[in-house]
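Architecture at a glance
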Amino acid sequence: MQLGWAADYAPASAAGVSIPGAASLAAGPTERSGAILHLPPDTDDFTGRAEHVDMAVRIISATAHRFDSSVRIASISGKPGVGKTTLAIHVAHMARGAFPDGQIYANLHGAESRAADPSDVLAGFLRELGVDGADIPEGIDERARMYRAQLARRRVLVVLDNAADESQVRPLLPGSRGCAVLITSRTRMATLAGAHSIPLDVMSSTQAADLLTAIIGSERASAELEALAEIARHCGYLPLALRIAGARLLSRPAWQISWFAARLRNERRRLDMLRAGDLEVRASFALSYRSRDAAEQRAFRMLGLINCDFPAWNLAVLLSEDLDHAEQLLEQLVDAELAEIIGVDAAGLIRYRLHDLLRDFAREAINDSERSEVRQEVLCRLARQYADSAQLASALLHPGDTYTDTVSPLAENIIRDDPWLWFTSERANLVAMVEQTHAAGLWEETWLAVTEMVRAMTRTSPCVPTGPSVPRFAS
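Starting afresh in each chain, residues are numbered from 1 along the sequence in its written order. Thresholds applied to this predicted model are a pLDDT of at least 70 for local features of residues and 80 or more for the giving and counting of side-chain atom pairs; totals over whole chains, interfaces and linings are not thresholded and use all residues. In computing side-chain values, all of the structure's heavy atoms are included and hydrogens and water are not.

**Details of the confidence of the model for the chain**
pLDDT measures the predictor's confidence residue by residue and takes values from 0 up to 100. Summarising the model, the chain shows a mean pLDDT of 85, and 85% of its residues fall at 70 or more. In what follows, a contact means two residues having at least one pair of non-hydrogen atoms within 4.5 Å. A low-confidence stretch, residues 460-475 stays under pLDDT 50, and its non-local contacts, those more than four residues away or across chains, total 24 contacts.

**Observations regarding the side chain of Asn314**
If you trace the backbone, Asn314 turns up in helix H15 (residues 312-319). The contact partners of Asn314, leaving out residues within four places of it in the chain, are Ile306, Leu382, Tyr386 and Asn429. Strands here are runs of E lasting at least two residues and helices are runs of H or I lasting at least four, both read from the DSSP assignment and numbered beginning at the N terminus.

**Regarding the sheet that holds strand S3 (residues 102-107)**
Paired strands, in this sense, are two strands between which DSSP finds at least two bridges. The strand order across the open sheet built from six strands is S1-S3-S4-S5-S2-S6, with neighbouring strands paired in parallel fashion. Edge positions in the sheet fall to strand S1 (36-37) and strand S6 (195-199), since each of these pairs with one other strand and no more. Of the pairings in the sheet, the one linking strand S2 (residues 72-77) to S6 comprises five bridges and is parallel in character. If you follow Ser77 over to S6, its bridge partner there is Pro199.

**Regarding the pairing of S2**
Regular strands place side chains that alternate from one sheet face to the opposite one. Residue exposure (1.4 Å probe, protein chains only): buried if accessible area is under 20% of the type maximum, exposed if over 50%, otherwise partly exposed. Taking burial as the measure, the six residues of S2 include six buried ones, the bulk of the element. The sheet contact formed by S2 and strand S5 (residues 180-185) spans six bridges and is parallel. Counterpart to Ile73 in the pairing with S5 is Val181.

**So, the pattern of salt bridges**
The working definition used for a salt bridge is a side-chain nitrogen of Lys or Arg within 4 Å of a carboxyl oxygen of Asp or Glu. The final tally for this structure, using the stated rule, is 21 salt bridges. One salt bridge in this structure joins Arg270 and Asp360, with 3.3 Å as the shortest N-O distance. Placement of the pair is Arg270 in helix H12 (residues 270-273) and Asp360 in helix H17 (residues 356-369), with a sequence separation of 90 residues. Under the relative-accessibility criterion, Arg270 is labelled buried at 7%. Among the salt bridges present, the one from Glu445 reaches Arg384, with a minimum N-O distance of 3.0 Å. Here Glu445 is found in helix H21 (residues 443-457), whereas its partner Arg384 is found in helix H18 (residues 372-397), with 61 residues between them in sequence. Classification of Glu445 as buried rests on a relative accessible area of 6%. Put simply, Lys79, Asp201, Glu340, Arg353, Asp356 and Arg359 are held in one network by salt bridges that share partners.

**With respect to the environment of Asn266**
Within the element layout of this structure, Asn266 appears in the loop between helix H11 (257-264) and H12. Taking C-alpha positions, Asn266 is 9.4 Å from His234, a pair spaced 32 residues apart along the chain.

Written out as C-alpha cells, the structure is:
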C-alpha cells in the first residue's frame, strides 16, 4: 500500500513571504518519545486561507479540551486543484502540538480508477503503530477493531487525503476522543456522521497575486503587477494552476511576466502552458472526469459548448434528453466538483457553471470525442432553442407577433408566466450565443438570435432589463 502524498500536492520553497495562520491554536505539548510523525512536509510559501486554517485547527485541536466521547472530524472538500491537500498538510503541522503521540497519513487515491482498499490502509496503519505483520488479522472488521484499540490510549491525528467516499473512510476512523481526523475529498462527506464540512473554493484575486508573489519573489512581481493579475485571472484563481504558473516563471528568470500572460490568453493552449514537472492541471481534471460514468462524461463534454452560467434545460437541449435526466446529471457533476451551482436566477431556476479551466478541459474533451459536424449540430440546436424562446417572449410582450411552438417545455412555462423575467435571466446567454454562433460560422442561427433579441429588447417597456448590449458584427 502506498502512503505517499497526493499527486497534485507540491511542497515547495520560494522567495516569498510567510502568511500567518492560526499558530496560537496549535500550541501544545511536544511530541512524546516514539511518536509517529508521518506527515508530508509543509509548504513555506503557504498563502491565504486564514479562515479555513483557523476553522480546521479549532475543530481538530478541540479534542484535548472536551468531555464528550465523539471523535472530531474535519472534512475539506473542493474541485480538483483547489488546494485541499496543501491546506490539510498545513493544518496538520500547525495542530501537531495537540497530538503528542503523532500524526498518521494515507493517500486514499479516491479520484483514481483504483482507490485504496481501506483494509490495506488499516494494515499499513497497524504496522506503523507497532503491530507485527503476522499479528494483523485478515478481515477488515477485525483490523478496524485492532486499529481502534491501538489508538484508544493515544492522542493521534489521522489524515486521510484524497478520499473517494464515506464508505472508504468509515473503517479508518478512530474510536476514542483523544484522536481527531482530517479528511480531504473532491466530494462532500455529507453522510459521514459528526464530520464538520470545510468547503474550499478558488482563491480571491488578492490571495492569488500573493501566492504568485511568494513563489517568484516580490521584486519581480512588483515590476509587472498588471500582468501578474492577468495570469491569476487566466488561472481562474485555482491554486494548482497558480502554483504551476509561478513555477514556470521561477524556472525562467528571463521571461517577462507579460509575455507569459499573453500566452495564457489563448484558451486552446492554456492547459498546455499550465504544466510543470509532475504537476499538470489537465491531469488533475482528468482524474475526476475519468472517474464518472459514460453519461456524466458526455454531459460534462457538452457543457464545454456553453460560455457562461446556464439553467438545466440547456443541458437537456444539448443532450436531446428530458429535463429530469439533465438535472440528475448536473447534480452528479456538482457532487464530483466538475460543475458548480452559483445560485437561483430571477425566474427561479438554479444556475450552474463550469470553472473557466474546467470549461477549457471540457472543450478539449468534446473536440477529441466528437466530429466538427456533430459539435456544430449540437450548438445549432441550443442556438435555435434560444432564438425560438426569444421569439415567444417577444410575441407575448407584443401581441400580434408570430412565434414557433418548438420551445423547451420548462422554458416555455417560465416565458409564459413572465416574459421579461425570462429575458432578465437569459439576456447574457442570448448575447453569448450570438457571439458563439457567429464565431462558429452558423450564420442563420446568428441572424435568428440577433433578430429576436433586437425585436424584443428595443421595444419600449417600463421594465426593460439591464445587461450586456447586443454585439455588432461586420457584414
